[in-house]
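# Report on the structure
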Amino acid sequence: DIVGATTLSGHLDLEALRTLLRTYQQVCVECAGRYGGNVHQYAGDGVLAYFGYPAAHDNDAERAVLAGLDIVEGTRRLAAELGRCGEADIAVRVGIHTGMVVVGEMGAGEVREVHAIGETPNIAARIQGETAADSMCVSAATAHLLGPRFATRSMGVRPLKGVAKEIELFAVDAAFAATGPEAKRPG
């Protein structure tokens, strides 16, 4: 999700906003794809990517986090480039949650799309809303699947709107270079 997209839409020419969003979406597609993820939905300035569908890997949580870190960095580079051109500044927030979903076609009539059904995407969206600009937070469910190469820090247990239980959130600040058998890059 782009931070302050509503404000941007009120300040930018609509064509410039469209170009900015498409460039941001391309960053997200490239970063997710690099680690085996797939962008499945765009909602305004938000991007929803799945990891583990249509192909599952034993390290999909790590793949998602690596992609998230790349999206934050890619958006920072995009913001710097826009700043040099005198364009609007942008920042991003990434939220990741791991859980069960049912993936399948939804819709009726002519309009049909593939969606992940369950609370997992909703929790990821709520986590994203708790995340600071130009950073990423993950749920405890995701953090517990990450190896030692990820620098995480607890952000505390938080109530999330519409979620029955409070969830501990973790900021992920970096991924360190893997060594030994882990050195193989996901992909």
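These figures come from a predicted structure and were not determined experimentally. Residue positions are counted from 1 within each chain, in the order its sequence is given. Residue-level local features of this predicted model are given only where pLDDT is at least 70; pairs of side-chain atoms are given and counted only at 80 or more, and the full residue set underlies all totals for whole chains, interfaces and linings. The side-chain quantities take in all heavy atoms of the structure and omit both hydrogens and water.

Take the overall build of the chain next. Counting from the N terminus, the helices are the DSSP runs of H or I reaching at least four residues and the strands are the DSSP runs of E reaching at least two. A tally of regular secondary structure across the chain gives five helices and eight strands. Along its sequence from the N terminus, the chain presents helices and strands in the succession α-α-β-β-α-β-β-β-α-β-α-β-β. Here the globule rule reads 2.2 Å times residues to the power 0.38, and the radius of gyration is calculated from C-alpha atoms. Taken over the C-alpha trace, the chain has a radius of gyration of 17 Å; the compact-globule value for 187 residues is 16 Å, and the two agree within 12%. The principal-axis extent of the C-alpha atoms belonging to the chain is close to 45 × 45 × 35 Å. Accessibility here uses a 1.4 Å probe with only protein chains present; expressed as a share of the type maximum, an area under 20% marks a residue as buried, one over 50% as exposed, and anything in between as partly exposed. The 187 residues of the chain split such that 39% are buried. Here, two residues are considered to be in contact whenever any of their heavy atoms come within 4.5 Å of each other. Restricting the contact set of the chain to residue pairs at least 6 apart, pairs at least 24 apart contribute 58%. For the chain, the exposed area adds up to about 10500 Å²; of that, 52% sits on carbon and sulfur atoms. Distance between charge centroids for the chain: 3 Å, based on 17 positive and 23 negative side chains. The method behind every accessible area is Shrake-Rupley, applied with a 1.4 Å probe, and residues are considered shielded solely by the protein chains displayed. In this charge count, Lys and Arg are treated as positive and Asp and Glu as negative; neither His nor the chain ends contribute. Where a charge lies is defined by one atom per residue type: Lys uses NZ, Arg uses CZ, Asp uses CG and Glu uses CD.

What follows concerns helix 4 (residues 119-130). Between its terminal C-alpha atoms helix 4 stretches 17 Å, which fits the 16 Å expected from twelve residues at 1.5 Å a residue. Buried within helix 4 we find Thr 120, Pro 121, Ile 123, Ala 124, Ile 127 and Gln 128. All buried residues of helix 4 fall inside an arc of 160 degrees around its axis, so they share one side. Looking at the buried positions of helix 4, the neighbouring elements they touch are strand 3 (93-96), strand 5 (111-117), strand 6 (135-139) and strand 8 (167-175). Each residue after the first adds 1.5 Å to the expected span of a helix. Starting at the helix axis, one direction is taken to each C-beta atom, and the arc is that of these directions.

Let's shift gears to the layout of surface pockets. The rule is simple: put a 1 Å grid over the protein atoms alone, call a set of points where a 1.4 Å probe fits but cannot get out a cavity, call an open set with protein on both sides within 12 Å along at least five of seven lines a pocket, and count a residue as lining if it has an atom within 4 Å of a point. Grid points are joined across faces, edges and corners, and a volume is the space filled by probe spheres set on the points. Taken as a whole, the largest pocket spans an internal volume of roughly 1100 Å³. Surrounding the largest pocket, 43 residues form its lining, Leu 48, Ala 49, Tyr 50, Gly 95 and Ala 124 being those nearest its centre. For the lining of the largest pocket, the secondary structure elements donating two or more residues are helix 2 (14-34), strand 1 (38-43), strand 2 (46-50), helix 3 (60-84), strand 3 and helix 4. With seven residues, helix 3 is the single largest residue contributor to the lining of the largest pocket. Along the lines of polarity and charge, the residues of the lining of the largest pocket split into 25 nonpolar, 13 polar and five charged. For this classification, the nonpolar set comprises Ala, Val, Leu, Ile, Met, Phe, Trp, Tyr, Cys and Pro, the charged set comprises Asp, Glu, Lys and Arg, and every other residue, Gly included, is treated as polar.

Disulfides are defined in this document as cysteine sulfur pairs within 2.5 Å. If you walk through the whole model with that rule in mind, you get zero disulfides. Of all cysteine sulfurs, the one in Cys 28 lies closest to Cys 31, which takes part in no disulfide; the gap is 6.9 Å.

The end-to-end C-alpha distance of helix 2, which contains 21 residues, comes to 30 Å, matching closely the 30 Å that a straight helix rising 1.5 Å per residue would cover. Of the residues making up helix 2, those classed as buried are Leu 17, Leu 20, Leu 21, Tyr 24, Gln 25, Val 27, Cys 28, Cys 31 and Ala 32. One side of helix 2 holds all its buried residues, which, seen down the axis, span an arc of 155 degrees. For helix 2, the elements touching its buried residues are helix 1 (5-11), strand 1, strand 2 and helix 3. Under this definition, polar contacts are N or O atom pairs within 3.5 Å; protein pairs additionally need one hydrogen-donor-capable and one acceptor-capable atom, and for neighbouring residues in sequence, both atoms have to be side-chain atoms. Residue Asp 13 occupies the N-cap position of helix 2, its side-chain oxygen lying 3.0 Å from the main-chain nitrogen of Glu 15. Directly after helix 2, the chain includes Gly 36, whose backbone phi takes a positive value near 85 degrees.

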